[in-house]
Amino acid sequence: MVKVLVAGFKGRMGNTTVQMVLEHADFELVAVYDPMASEKNLNENPAYAQTDVPVFNQLVDIDTKAEVWVDFTRPDSVFENAQYALQHGISPVIGTTGLQDDQVIQLQALAKQKGVGGLIAPNFGISAVLLMQFAQKAAQYLPDVEIIEMHHDNKLDAPSGTAINTAKMIAEVRQAHKQGHPEEKETLAGARGADYEGMRIHAVRLPGYVAHEQVLFGGKGEALTIRQDSFDRISFMSGVAVAIEKIRAYQELMVGLENLL
Ligand SMILES: NC(=O)c1ccc[n+]([C@@H]2O[C@H](COP(=O)([O-])OP(=O)(O)OC[C@H]3O[C@@H](n4cnc5c(N)ncnc54)[C@H](O)[C@@H]3O)[C@@H](O)[C@H]2O)c1
Ligand SMILES: O=C(O)C1=N[C@H](C(=O)O)CCC1
């Protein structure tokens with residue numbers, strides 16, 4: 001049984017992860033953490049009356065035998081949480097987006113120093129992992145690309161972690177270049193979206209959406225559109241489960257679920 005702590009358990013993804021871990025035959029939920037929690041045990045919540053899982057609402061109070069730390073929290077708390085996990089020999093499985101490149105480098109150095117495996121996955125959905133791989137392949141032949149990501153309107157970070165990762169993967173196979181007309185001007189600021197090495201990224205935030213991405217390629221007289229949709233947060237759970245199962249076999253912090261598939 002893999003002993004699991006879920007950070008951000010009061011949130012949308014944290015709650016979905018708690019249910020998945022409780023239902024999984026090979027996982028044991030040993031702790032949950034969220035600064036918004038006021039209860040001492042998860043069983044104070046009627047939905048989890050049959051459980052016996054300690055609740056923590058401050059990092060300093062956490063006392064656990066957890067082997068894996070699943071993090072679905074906030075862009076401004078994930079770095080501290082991941083540092084805490086690595087320092088305590090707990091493998092972080094990080095779904096929270098918004099980590100800066102220098103923070104990822106620092107966490108990778110810490111993981112190496114401690115010999116602890118960990119994963120940062122911008123997206124745990126298999127459709128998104130495949131979309132990123134297909135987009136990287138397509139960009140070898142169609143280097144003019146724009147990315148449109150669409151999310152629910154409670155999302156804090158823009159562009160999404162998936163969109164940034166898609167752009168990074170495309171940038172590995174594509175010469176950076178400015179797209180559009182050389183003299184184009186925005187008559188309304190932001191009209192052309194964010195710029196990643198000449199690729200434009202557009203972020204849509206609307207109620208009713210969950211998580212969706214389109215990568216648009218244009219060539220001479222032709223176009224290709226690749227799209228994926230997460231209609232429900234359950235779409236992320238098989239990826240989270242794979243990461244929990246496999247991560248303790250590693251001694252480094254990796255980026256991307258594809259590293260474990
Ligand atoms: N990688 C993926 O596949 C994937 C999928 C969905 C969401 N996400 C990301 O997961 C994160 C959470 O998304 P959400 O929709 O569940 O958000 P949410 O706002 O519903 O939940 C976040 C929870 O984190 C808690 N929290 C705040 N600070 C904390 C801290 N320091 N430690 C522990 N918990 C803390 C909040 O109280 C809240 O309950 C976001 O960054 C989002 O982009 C990633
Ligand atoms: O709901 C979110 O927020 C999501 N964030 C991730 C991202 O930023 O790419 C993945 C999909 C859901």
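Residues numbered from 1 in each chain as written. Chains lettered and ligands numbered in written order. Predicted model: local features only at pLDDT ≥ 70, side-chain atom pairs only at ≥ 80, totals over all residues. Heavy atoms only, no water.

Within an unreviewed UniProt entry, the label attached to the protein chain reads 4-hydroxy-tetrahydrodipicolinate reductase, and the organism entered is Ligilactobacillus equi DPC 6820. The protein chain has a UniProt comment under Subunit (unreviewed entry) that states "Homotetramer." The protein chain has a UniProt comment under Subcellular location (unreviewed entry) that states "Cytoplasm". (UniProt positions renumbered as here; feature names shortened; annotations may be inferred.)

Glancing now at the nonpolar core. The biggest cluster of nonpolar side chains holds 37 residues, and the ones touching the most others in it are V32, L42, L119, F124 and I244. Put simply, the parts of the chain that give this core at least two residues each are strand 1 (2-7), helix 1 (12-23), strand 2 (27-33), strand 4 (68-71) and helix 6 (237-246). Ranked by the residues each element gives to this core, the list is headed by helix 6, at six residues. When sequence neighbours within four positions are dropped, the list of residues in contact with F124 reads F72, V93, I94, G95, L119, S235, F236, G239, V240, A243 and L257. Core analysis: the second largest hydrophobic core is formed by 18 residues, L142, M169, I170 and F217 among them. (Core = buried A, V, L, I, M, F, W, Y, C linked by side-chain atoms within 4.5 Å. Buried < 20%, exposed > 50% of the residue type's maximum accessible area, 1.4 Å probe, protein only. Helix = DSSP H or I, 4+ residues; strand = E, 2+ residues; numbered from the N terminus. Contact = heavy atoms within 4.5 Å.)

Another aspect to go through is the site of ligand 2. Ligand 2 sits among T97, P122, N123, H151, H152, K155, S160, G161, T162, A211 and F236. Within the contact set of ligand 2, an oxygen atom lies 2.7 Å away from a side-chain nitrogen or oxygen of K155. One of the backbone nitrogen or oxygen atoms of G161 is found 2.8 Å away from an oxygen atom of ligand 2. Summarising the interface, the protein chains cover 86% of the accessible area of ligand 2, which totals 310 Å² for the free molecule. When grouped by side-chain class, the residues that make up the shell around ligand 2 number three nonpolar, seven polar and one charged. (Near = heavy atom within 4 Å. Polar contact = N/O pair within 3.5 Å; in protein donor to acceptor, adjacent residues only side chain to side chain. Areas by Shrake-Rupley, 256 points an atom, 1.4 Å probe, with all protein chains shown as cover. Nonpolar A, V, L, I, M, F, W, Y, C, P; charged D, E, K, R; others polar.)

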